[in-house]
Amino acid sequence: MERWEKLIQIVKAESARFDERDDAIIDLAEFNNNEVIEALFNIAKNNQIDYNATSKCRRGFD
């Protein structure tokens, strides 16, 4: 399993702590492939994700 796949799993895991999810989102911004972009997009549009984490996902597109 690739590192970016593990990071996506962390972000999606409801059992993950906020800081783990936050760090995973920041780290995902380093990757530039369709799967990561789609995952960040879906995370950003999900209303159940904390606003600060969502804004970091959006910044990953800059």
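These figures come from a predicted structure and were not determined experimentally. (Residues numbered from 1 in each chain as written. Predicted model: local features only at pLDDT ≥ 70, side-chain atom pairs only at ≥ 80, totals over all residues. Heavy atoms only, no water.)

With that settled, consider the pattern of salt bridges. Here the structure, examined in full by the defined rule, presents four salt bridges. Between Arg3 and Glu30 there is a salt bridge, with the nearest N and O atoms lying 3.7 Å from each other. Of this pair, Arg3 sits in helix H1 (residues 3-12) while Glu30 sits in the loop between helix H2 (18-28) and helix H3 (34-45), placing them 27 residues apart in sequence. Given a relative accessible area of 58%, Glu30 falls into the exposed group. (Salt bridge = Lys/Arg side-chain N within 4 Å of Asp/Glu carboxyl O. Helix = DSSP H or I, 4+ residues; strand = E, 2+ residues; numbered from the N terminus. Buried < 20%, exposed > 50% of the residue type's maximum accessible area, 1.4 Å probe, protein only.)

All right, on to the confidence of the model for the protein then. Overall, the prediction assigns the protein a mean pLDDT of 81, with 74% of residues at 70 or greater. Looking at the elements of the protein, mean pLDDT is at its lowest for helix H4 (residues 51-59), recorded as 56, and at its highest for H1, recorded as 94. (pLDDT = per-residue confidence, 0-100.)

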